[in-house]
Amino acid sequence: MLGVSRMTGAMRCHLKKQFMQLSMSRHYSPEVEYKPIRKVLVANRGEIAIRVFRACTELGIRSVAIYSEQDKMQMHRQKADESYVVGKGLPPVQAYLNIPEIIRVAKENDVDAIHPGYGLLSERSDFAQAVIDAGIRFIGPTPFVVQQMGDKVRRELCFQQLQKLKQV
């Protein structure tokens, strides 16, 4: 497989053109206005949440943790500037997958952006869309891109197209 540095100019130009077409398509949201992020909610737990909180601290951004009842003593909750329980009465995994409650916590606490973390919600296009629909920034790919990443057939077709490009 060729690295980006070994691609020909024509290959790079073609990939750039495809990216521009995607970014200018109906899946791109140019109407989003810029405003600084002051507070980020991480919709995950454990080490990944702690790493995002550390980055937020370095950038001067307040961090918000969510936690299940069973995780009330976990480190990620203590490392965040604020923390809120989600999914009362639910097992931990179901609590962290409770999209309406995560959105509610974010809106009630003036969260500017939501980071999905790794796993759990990071691969769910419906979560990314729900965040955007709530008027909150989603830190990650657009819902369309998340959906396409989950479409293994489409991903294989894209891979085959890239292989053909490399043979040119």
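Residues numbered from 1 in each chain as written. Predicted model: local features only at pLDDT ≥ 70, side-chain atom pairs only at ≥ 80, totals over all residues. Heavy atoms only, no water.

Details of the confidence of the model for the protein
In the predicted model, the protein carries a mean pLDDT of 82, and the fraction of residues at 70 or more is 77%. For residues 22-28, every residue scores under 50 in pLDDT, and the model assigns this stretch six contacts once sequence neighbours within four places are set aside. (pLDDT = per-residue confidence, 0-100. Contact = heavy atoms within 4.5 Å.)

A closer look at the nonpolar core
By size, the foremost hydrophobic cluster in this structure holds 22 residues, and its most contacted members are Leu-41, Ala-43, Ile-66, Ile-102, Ile-114, Phe-127 and Val-131. Those residues in contact with Ala-43, other than ones at most four positions away along the chain, are Ile-66, Ile-102, Ile-114, His-115, Pro-116, Leu-121 and Phe-127. Membership of the second largest hydrophobic core comes to 10 residues, among which are Val-52, Phe-53, Ala-65 and Ala-80. (Core = buried A, V, L, I, M, F, W, Y, C linked by side-chain atoms within 4.5 Å. Buried < 20%, exposed > 50% of the residue type's maximum accessible area, 1.4 Å probe, protein only.)

Examining the pattern of salt bridges
Under the definition given, this model contains eight salt bridges. Put simply, Arg-38 and Asp-112 hold a salt bridge, and the shortest N to O gap is 3.5 Å. Here Asp-112 lies in the loop between α5 (99-108) and β4 (113-115) and Arg-38 lies in the loop between α1 (9-23) and β1 (39-42), a separation of 74 residues in the sequence. Judged by relative accessible area, Arg-38 falls into the partly exposed class, the value being 49%. Sharing partners across several salt bridges, the network here consists of Lys-39, Arg-62 and Glu-82. (Salt bridge = Lys/Arg side-chain N within 4 Å of Asp/Glu carboxyl O. Helix = DSSP H or I, 4+ residues; strand = E, 2+ residues; numbered from the N terminus.)

Things to note about the side chain of Ser-63
Assignment of secondary structure puts Ser-63 in strand β2 (residues 62-67). Setting aside anything within four residues of it in sequence, one finds Ser-63 in contact with Val-40, Phe-53, Cys-56, Lys-79, Ala-80, Asp-81 and Glu-82.

So, the environment of Pro-100
Looking at the element boundaries, Pro-100 is found in helix α5. Expressed as a C-alpha distance, the spacing of Pro-100 and Val-131, which sit 31 residues apart in the sequence, is 9.4 Å.

Remarks on the side chain of Ser-122
Counting through the fold element by element, Ser-122 comes out in the loop between β4 and α6 (125-133). What makes Ser-122 buried here is its relative accessible area of 16%. If we ignore the near neighbours within four places in the chain, the residues touching Ser-122 are Pro-116, Gly-117 and Val-146.

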